[in-house]
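Structural features, examined
Chain by chain, the residues run as shown.
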Amino acid sequence: MMKWEKLISTKRFGLEHYHDEKNQDRSDFQRDYDRLIFSAPFRRMQNKTQVFPLPGNIFVHNRLTHSLEVSCVGRSLGNNVARHLIDKYGKEKAPLIAEIGSIVSAACLAHDMGNPPFGHSGETAISSYFSEGNGQCLKSRYGLTDSQWNDIIHFEGNANAFRLLTHQFAGRRKGGFVLTYSTIASIVKYPYQSDYVVNKKKTKFGFFQSEREDFVKIADDLGLLKLDEYKYARHPLVFLVEAADDICYEIMDLEDAHKLKLVSSEETKQLFLNFFPEEKQRRKRETMLAVTDVNEQIAYLRSGVVGVLIEECSRVFIENEEAILSGTFTSSLVDCMNEQVRNAYQKIVDLSLKRIYKSKDVVDIEIAGYNIIYTLIDKEINAVFDAEKAYSKQLLARIPEQYEWDAQDPYTKILAVLDYISGMTDIYALDLYRKITGMSLPSL
C-alpha cells in the first residue's frame, strides 16, 4: 500500500537538500501553483488550440483557459477528498493532507504544458515524421536505441510536460521548474516508459528516456508502487487531475459547440438536464427560464452539471481509496460514476465524437496543423544534422540557446528540435512556416 505521509511531500526537484527557513504565507504547493501561473510556457498556452480554431469572432476555449478551469475543478475535487481523509486519518498521521486541493490545482495547471501547437494533430505530425516520413532513416543512421526511438515515434505530450517541468535546459537552473515531488508526480497519468506502448499495447507513456532516472527518483521517494521495470502505479492524485480534465473538456467543449451553432440550444439544454433526476430537472427548467439570454441559460445548467460531476468523482475516489493506494484501481473516476450520471456523460462523449471533433473547422485546423508541424520538423532536423550548410546556419540561428541542438548525442539533438517546436504557439508556428517556405516576408 502507498502511504499518504510519503505521497505528500514538500521536497523540491533540484533542491532536495535545501530547506527554506523563512516563514511563508503560501504553502509549498501554492508556490508551485504561482510559479506555473507566472511562467512563459503557461502564458503561451493562450495561443494553443484546445479544440476549435483560434482566433475567431466567438471566444472559445484555448489551452490556457481550459487549464485554468481544470485547475478550479481539480481544487474542488482535492478539497473534497482532503476533508474525508482528515476525518479518516486525522491530521497527525499525514499533516499535509489538507494541501491536496492545492497540489491537484497546481498539477492541473501543468497537465497540458507539454502539448505541441495544434493539439493532437501536432503530436501525430511529430510521431509520423519519424515513423513513416522523412525521419525514418535516423534510427539506423545514428544508432538510436530501441527505447529512444520509441520515445520519438510515439511522441507524447504527457511525457513532454514531465520533461518541460524537470529538465535543466542550457543556461537554466537545475531542476527545471523546481516543483515539489508531489505536484510533479500528480501530472504523470502514464507512469511508465515508451517501451510499454510497443510491448504492452498501450497508447501513451509518461516520460522520455532522457528523464527516466528523474522519474524513478521521484517515484521511489514518494513510495509509488513499482509494478515492473520502469513501470509504476499512479500517484493517487493523478486520478483527480484526470477527472478534472475529463469533466472540463467534455462539458466545456459542448458549451463551445453551442456557441458556434454546431449543437442547437434545446439539444444542449437536454444533454445537461440528463444529469439530474426528474424532479430536479423540472426545478432547473423553471429557474433557467427566469432569464431570457440563451447563453446564460446554458451556463447555468453547465455549472450545475460540473457540480454533479465533482461530487460523483469525489465519491468514487473516496470509496475506492484503498484500491487506489494498493495500485489495483485502474479505471478513470468518470467511468465509475453512478449509472444516471455516467449515461448522461456518455451521451455528450458520443455526440462530441460524431459532431464536434469531426466538424469541418476542427478537421481543417488539424490538417493545416499537421502540415505546418511536419514541415518545421523536417527543416529543423535536416539543419541540426547538417549544421555546416549555409541554409542550416540560417535556420539554427532562430533556435534559442536553451535548446541543445549542437549536442554530440543524436537523441539529444532530436529532442532539442522537439523542445523548440512543441513550445511554439499556433501563430508562431504558422508564422515561421510561412517564412521558411517563402510564403511571406517580414514587413520592411
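Owing to the predicted nature of the structure, the values given are computational and were not obtained by experimental measurement.

**Remarks on the overall build of the protein**
The secondary structure content of the protein amounts to 22 helices and two strands. A compact globule built from 444 residues should have a C-alpha radius of gyration of about 22 Å, and the protein, at 23 Å, falls within 12% of that. Across its three principal directions, the C-alpha atoms of the protein cover 70 × 50 × 45 Å. Taking the contacts inside the protein whose residues are at least 6 apart along the sequence as the reference set, 73% of them involve residues at least 24 apart. For the protein, the exposed surface amounts to about 20,000 Å²; the carbon and sulfur share of it is 49%. With 56 positive and 62 negative side-chain charges, the protein shows a separation of 1 Å between the mean positions of the two kinds.

**Details of the side chain of Lys189**
Counting through the fold element by element, Lys189 comes out in the loop between α10 (181-185) and α11 (195-199). Glu242 is the oppositely charged side chain nearest to the buried, salt-bridge-free Lys189, at an N-O distance of 4.3 Å. Filtering out sequence-adjacent residues up to four positions away, Lys189 remains in contact with Asn158, Arg234, Val238, Glu242 and Asp245.

**Some remarks on the packing of aromatic side chains**
In the structure shown here, the tally under the stated rule is 15 aromatic pairs. Between Tyr129 and Tyr374, the ring centres sit 5.2 Å apart and the planes meet at 75°, which makes this aromatic pair edge-to-face. With Tyr129 in helix α6 (residues 119-131) and Tyr374 in helix α19 (residues 360-385), this residue pair connects regions lying 245 residues apart in the sequence. Note on accessibility: Tyr129 and Tyr374 belong to one class, buried. Consider the rings of Tyr403 and Tyr420, whose centres lie 6.0 Å apart with planes at 50°: the pair is tilted. One end of the pair, Tyr403, is in the loop between α20 (390-396) and α21 (410-422); the other, Tyr420, is in helix α21, and 17 residues separate them in sequence. Across the pair, Tyr420 and Tyr403 agree in class, each one buried. By the ring-pair criterion, three or more aromatic residues cluster together here, those being Tyr129, Phe130, Trp149, Tyr370 and Tyr374.

**Quick notes on the packing of helix α2 (residues 28-37) against helix α5 (residues 100-110)**
One can describe the packing of α2 onto α5 by two numbers: an axis separation of 8 Å at closest approach and a directional angle of 20°. The orientation of α2 relative to α5 falls into the category roughly parallel. Seen along the crossing, α2 lies across α5 with a hand that is left-handed. Where α2 approaches α5, its residues Phe29, Gln30, Asp32, Tyr33, Leu36 and Ile37 are matched on the opposing element by Ser102, Ile103, Ser105, Ala106, Leu109 and Ala110. Grouping the constituent residues of the contact of α2 with α5 by class yields eight nonpolar, three polar and one charged.

**A short note on the confidence of the model for the protein**
Confidence in the prediction for the protein averages 91 pLDDT; 95% of positions are at 70 or higher. Across the protein, element-level confidence peaks in α10 with a mean pLDDT of 98 and bottoms out in α11 with 84.

**Some details on unusual backbone geometry**
You will see that Phe118, though not glycine, has its phi angle at about 65°, which is positive. Take Phe118: it is sitting in the loop between α5 and α6.

**Quick look at the pattern of salt bridges**
In this structure the tally under the stated criterion is 23 salt bridges. Between Lys139 and Asp146 there is a salt bridge, and its shortest N-O distance comes to 2.9 Å. Where Glu279 meets Arg283, a salt bridge forms, and the shortest distance between an N and an O atom there is 3.7 Å. Of this pair, Glu279 and Arg283 both sit in helix α15 (residues 278-288), four residues apart, which is roughly one turn of that helix. With a relative accessible area of 42%, Glu279 lands in the partly exposed category. Because the salt bridges share partners, they merge into one network encompassing Arg12, Asp28, Arg31 and Asp32.

**Some points on the environment of Gln46**
Locating Gln46 in the fold gives a position in the loop between α3 (40-44) and α4 (63-89). Separated by 15 residues in the primary sequence, Gln46 and His61 place their C-alpha atoms 8.9 Å from one another. Not counting the four nearest positions on each side in its chain, Gln46 is found in contact with Asn62 and Leu64.

Rules used throughout
- Position numbers for residues start from 1 in each chain and track the written sequence from start to end.
- Restriction of local features to residues with pLDDT of at least 70 applies here, the model being predicted, together with a cutoff of 80 or more for giving and counting side-chain atom pairs; totals for whole chains, interfaces and linings are based on all residues.
- Processing note: side-chain calculations cover all non-hydrogen atoms of the structure and skip hydrogens and water entirely.
- For the purposes of this entry, the term helix denotes a DSSP run of H or I that reaches at least four residues, the term strand denotes a run of E that reaches at least two, and both are numbered from the N terminus.
- Radius of gyration: over C-alpha atoms. The globule rule applied is 2.2 Å multiplied by the number of residues raised to the 0.38 power.
- Residue contacts are defined here by distance: any two heavy atoms, one from each residue, within 4.5 Å place the two residues in contact.
- Computed with a 1.4 Å probe, the accessible areas rest on the Shrake-Rupley method; for each residue, only the protein chains presented here act as cover.
- Think of it this way: Lys and Arg go in the positive column, Asp and Glu in the negative one, and His and the chain ends go nowhere.
- Each charge is placed at NZ for Lys, CZ for Arg, CG for Asp and CD for Glu.
- Working definition: with a 1.4 Å probe on protein chains only, accessible area under 20% of the residue-type maximum means buried, over 50% means exposed, and in between means partly exposed.
- Any Lys or Arg side-chain nitrogen found within 4 Å of a carboxyl oxygen on Asp or Glu counts as a salt bridge.
- Stacked, tilted and edge-to-face are the three classes applied to pairs of Phe, Tyr and Trp rings, where Trp contributes its six-membered ring and a pair requires centres within 6.5 Å; stacked means planes under 30 degrees apart, edge-to-face means over 60, and tilted covers the rest.
- Axis angles are defined between N-to-C directions and span 0 to 180 degrees, where every axis is a line fitted to C-alpha atoms and, for a helix, only to the segment in contact.
- For classification, angles of less than 35 degrees are called roughly parallel, those exceeding 145 degrees roughly antiparallel, those between 65 and 115 degrees roughly perpendicular, and all remaining angles oblique.
- Two helices cross in a left-handed way if the nearer one is turned anticlockwise from the farther one by less than a right angle. They cross in a right-handed way if the turn is clockwise.
- As a working rule, the residues Ala, Val, Leu, Ile, Met, Phe, Trp, Tyr, Cys and Pro are called nonpolar, Asp, Glu, Lys and Arg charged, and the rest polar, with Gly in that last group.
- Summary of the metric used: pLDDT quantifies the predictor's per-residue confidence within the range 0 to 100.

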